[in-house]
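Topology and contacts: notes
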Amino acid sequence: MTIVPQARFARYTMISTALALVLATSVAARERPTPRPPLNFLGVPGLIDMPTGHAMPDADLSFTAGIFDGTVRNTAHFQITPRLSGVFRYAYIRDYGGSGAYYDRSFDLRYLLNPESDTLPAVSLGMQDFGGTGIYAGEYIVATKTIGRLRATGGIGWGRFGSHNSFDNPLGILADRFKTRPEQTGGISQTGRLDVGQWFRGDAALFGGLQYQLGENLVLTAEYSSDAYKSETARGLFKRTAPVNIGASYRFENGLDLSAAYLYGSTVAVRLSYSINPKSTSAVRGGLETAPPIVAVRAPGAADDLGWTRQADGKEILRSNVAQTFWESGLRLDAFAVDARSVQVRFRNLRYTNSAQALGRATRILTSLMPASVDTFVLTPITDDGTAAARITFKRSDVEELAHAPDGSWQALARAGIDDAYPADGTAVSQDVFPGFTWGVGPYLSATYFDPKQPIRLDLGVQANARYEPQPGLVFQGQIRHRLTGTQGDVDPSNSIIRHVRSDVGIYAREGQTALTSLTAARYFRPGSDLYGRLTLGYLESMYGGLSGELLWKPVTSRLAFGVEANYVRQRNFRQDFGFQDYDVLTGHLSTYFDADDGFTYQLDAGRYLAGDWGATLSVSREFGNGIRIGAFASLTTVSFDDFGEGSFDKGIQFEVPLSVLSGQVSKRKIARAIRPVQRDGGARLDVQGRLYDGVRAYHQPELQSQWGRFWR
């Protein structure tokens, strides 16, 4: 057989890579791999266009933009666990669809089968674009070994990774079905489906390359690519003359990584990546909050002095002092009671992202203000909606003893009593707090994402909010918005064949220039031990009004919770004033919540959705100590993939970023977004405010334990 120069080079490349891997496994590595491997032009740990075997550090979040020859790839990569990572990619390919801009959405999953050791390489298995249009669809198994400053990578790929210089699928020895790869279904209406029948099927090909660490920040890369770019070359969009890519990347100290490469003998590409780790991300290390009050230690024998109890106005003076000091420290005193030996306070955390830090501040304040005879502190934190979440009891003598102990924080948790706050303790409500009224006026920015004609549509305007709380747990609130400018109203009319419960967002934006987005009365209550309740009536959100009820079972020491929610709602008119359309629906869900280790929370909601479809939604999120939360969700219902339309089923990613992470200043305010690749009508839920679980769990034992390291801060 005659070997053409291109194939000969490919063989030489693969042979040299294989030799490097063999050599690496026979000697101990002299230097450990860099903690954060380079990213490729697809935004995953890789060479240039091909992946490598390494994973990013646990919880790393990376954003990548790669540009070459009419193609722009924007990728978000999240290292979900030390071994599992997820990817969302949004690509622009000029004229791919025949004319004009073409936007493509895709998801990847990567799993680290074996981390690199002194003798064994890092080995990863990946599935690229497993649920999109399939333009980038491919699977691979890849290994990488570090030898000093040199890294060698070799892998085998299928689909897009098996399109150049391919050979019969070695998995064909297991079953004949692996020998051929079914055609991609394609088409915008087919996106979102899992093409399981294609995975690891069809011809396979080898790929590999070398990376060399030149200095502390510069990496040189050469790779042999098994991606033939068949679709792009067939459309005349890309010229591929060689399977070889070379490039260099430079990593800056602030997390930025800049790369340039020469691709396939025909074009120059540039890539910019930014990586952060939510475990430690903060604009200012340690934060800028004020120092906590000192723990006032009583003099020996002082606890026996009860003289203060004979002062007629002594209790009121104490209440006033506590209320003032709490307020200055970002806490609000809702109720107060004190006797000779104990004090009870109900308070709200107005400032701190970390619940344990709020408890620590309250405890320190009480040591400095309470008479020496008061030795028991009973603190009842209240949710923002007025629900007593838990009752935490400290012995003052323990607080004094542990304030400066090396492991005093964890000993304080071990000695604290965390109990249910039901029944209520009867502490009188502070008259200077209720009734409470707050209001505000400011700008707003709303966004919709991934419209086929425009990736991001924004509306900018001004909004006014008001909230009235005549007593704990009874809340009246409303919001009005006026849109000044924006493009959300330019969305094409929905082509959904089921009831338009969400997909008419463009009409709502266009006709509701001045909109009453919500106007509700809500009651939060405790119907029994471990039970929490909510009733909400009014214009619940911009598209629906009606009645919503919720009941949550959540023991204070349990990681498990169950909830039920029922709603009877009617669809509001497009102007979002006081009128309604002629569609009403009874919707609701049974919910299961579980707080796992490492900040993971799992939620399963099963029930009826706004379009009348039945099904379930699985949500998985991970929350870090600084309050950053990243998650994903997916819903499968009785609406078929065909009837659902583009995207096939409802899915998306969610994130919350406290402003304190960005500014260093303590604040409970946060940026929260749910980003869907496409918004359709199947699997749509009511967006009612004040759902119970997140507020209640913040002061329960599992969540407090995960945050307790900041108790003394």
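Look a little higher up for the structure.
Because the structure is a prediction, the values reported are computed rather than measured.

1. A look at the nonpolar core
Counting 52 residues, the largest nonpolar core has Phe-336, Val-343, Leu-359, Met-370, Leu-379, Phe-394 and Trp-708 as the members making the most contacts within it. For this core, the leading source of residues is helix α4 (residues 355–369), giving 6 residues. Those residues within four positions of Trp-708 in sequence are excluded, and the remaining contacts are Ala-356, Leu-359, Phe-394, Ser-409, Trp-410, Ala-412 and Leu-413.

2. As for helix α6 (residues 408–415)
Every buried residue of α6 is listed here: Gly-408, Ser-409, Ala-412 and Leu-413. Relative to the axis of α6, the buried residues are bounded by an arc of 140° and lie together on one face. Structurally, α6 contributes buried residues whose contacts are with β16 (391–395), α5 (396–402), β17 (417–419) and α11 (701–707).

3. Topic: the pairing of strand β3 (residues 84–94)
The two faces of the sheet receive side chains in turn, since in a regular strand these alternate between them. Along β3, 8 of the 11 residues are buried, which leaves the element largely enclosed by surrounding structure. Summarising the sheet, strand β2 (residues 71–79) and β3 pair through 9 bridges and their orientation is antiparallel. Bridge assignment links His-77 to a residue of β3, and that residue is Val-87. Between β2 and β3, which pair antiparallel one after the other, the connecting turn spans 4 residues. Of the strand pairs in this sheet, β3 and strand β4 (residues 101–114) are connected by 11 bridges, and their pairing is antiparallel. Looking across to β4, one finds that Arg-89 is bridged to Ser-106.

4. So, the packing of aromatic side chains
Applying the stated criterion across every chain yields a total of 30 aromatic pairs. Taken together, a centroid distance of 5.8 Å and an interplanar angle of 85° make the contact between Phe-238 and Tyr-264 edge-to-face. Taken together, the residues span a long stretch of sequence, with Phe-238 in the loop between α2 (230–234) and β10 (244–251) and Tyr-264 in the loop between β11 (256–263) and β12 (267–276) at a distance of 26 residues. Side by side, Phe-238 and Tyr-264 carry an identical accessibility label, which is buried. Ring-pair connections join several aromatic residues into one group, and the members of that group are Phe-88, Tyr-90, Tyr-92, Tyr-103, Phe-107, Tyr-449 and Phe-450. Over the aromatic face of Tyr-229 sits the side chain of Arg-160, whose NZ or CZ is 4.5 Å from the ring centroid.

Reading the values: the criteria
Residues numbered from 1 in each chain as written. Predicted model: local features only at pLDDT ≥ 70, side-chain atom pairs only at ≥ 80, totals over all residues. Heavy atoms only, no water. Core = buried A, V, L, I, M, F, W, Y, C linked by side-chain atoms within 4.5 Å. Buried < 20%, exposed > 50% of the residue type's maximum accessible area, 1.4 Å probe, protein only. Helix = DSSP H or I, 4+ residues; strand = E, 2+ residues; numbered from the N terminus. Contact = heavy atoms within 4.5 Å. Arc of directions from axis to C-beta. Pairing = 2+ DSSP bridges. Phe/Tyr/Trp six-rings, centres within 6.5 Å; stacked < 30°, edge-to-face > 60°. Lys NZ or Arg CZ within 6 Å of the ring centre and 35° of its normal.

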